[in-house]
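Structural overview for review
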Amino acid sequence: LNTIIMCKIAKKQVPVIVWPRILWRELLATAKLKIRLCLQYTRRHPGKVLVNIFRTVVCLFLCVVALYPIYTMFINSTRTTYSIVHGASLIPEGHFFENYRYASEYFVNGTESKGSDLYSVILYSCVITGGNCLLATYFGSLCAYGFEFYKFKGKSFLWKCIIVSLMLAPIAGVVGFLKIVIALHMYDTCIPLILMGAATPATAYFMRMYLRTQRLNEMVEAARIDGCREWRIYNRIILPVIKPAIMLQIIMTFATSWNNTIYQNLILSLQYIWSEYKTDPDR
């Protein structure tokens, strides 16, 4: 293909290309040899083969279980509301563009969306969720680094407070968070929804448990002896080591932040709710 393109550019005659012949007999002989070797290995090590088959079947089952909701979501996007209510289906229907048009008109004409289109709403969600994930993983791992490699007064008490906060539901802090947002006049903006990711006790707890398994005390002490500052130790030594844990926390935080509609509805619709309250206090 490269020869043809270069000859066309240089306006020269394309040479005759001899395509390699497919030797079906050699391919068939190679496949038979591989099958024979597999059968010999199966006869010699039946236990290992059974373990591998069981592991493969379990992995395939877990993949199907994980992909089934995504496939169902795609199928439902092509169905009508009537057909969705009256039962599940694995066969797509032809209503995708109709549903897409309805969703776009809803976001444009809806009172809650304030005239925003579908793409701008998705962009806002990605910005809020992405910023929340970055702040949660960075400051959560930074908090874990401080608790793991520093000694200070009240360390045990503060760590117990973090553990206790894991037992509380996120909805329990809505009132206090809402009062802070109103006092700072930050309602109807995405800033408080992004900044709230900096205080995620679950990320700090998980990161500290992961740091305990790495045994980095000698490396951190060597960096301090060499004159390395704490921020440099954290950014150049700790973060590269805990990359697997960070990726896992990003996935978990992304799912939690994307599905967290309570805080988003309160903060972004606070001015609308307040205006409705002024017009009708009994409501």
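Quick caveat: nothing in here was measured; it's all calculated off a predicted structure.

Observations concerning the overall build of the protein
Helices and strands together make up the secondary structure of the protein, namely 15 helices and zero strands. Compactness check: the protein gives a C-alpha radius of gyration of 29 Å against a globular reference of 19 Å for 283 residues, more than 25% above the reference. Projected onto its principal axes, the C-alpha positions of the protein cover 85 × 65 × 55 Å. Within the protein, the fraction of its 283 residues that count as buried is 22%. Look at the contacts in the protein between residues 6 or more apart in sequence, and 64% of them connect residues 24 or more apart.

Quick word on the environment of Tyr68
Its place among the elements puts Tyr68 in helix H3 (residues 46–76). The partly exposed category is assigned to Tyr68, whose relative accessible area is 44%. Between the alpha carbons of Tyr68 and Leu90 there is a distance of 9.9 Å; along the sequence they are 22 residues apart.

A word on the confidence of the model for the protein
When the pLDDT values of the protein are averaged, the result is 83; 91% of them are 70 or greater. Looking across the protein, the model is least confident in helix H15 (residues 270–279), with a mean pLDDT of 58, and most confident in H3, with 91.

Reading the values: the criteria
Residues numbered from 1 in each chain as written. Predicted model: local features only at pLDDT ≥ 70, side-chain atom pairs only at ≥ 80, totals over all residues. Heavy atoms only, no water. Helix = DSSP H or I, 4+ residues; strand = E, 2+ residues; numbered from the N terminus. Rg over C-alpha atoms; globule rule 2.2 N^0.38 Å. Buried < 20%, exposed > 50% of the residue type's maximum accessible area, 1.4 Å probe, protein only. Contact = heavy atoms within 4.5 Å. pLDDT = per-residue confidence, 0-100.

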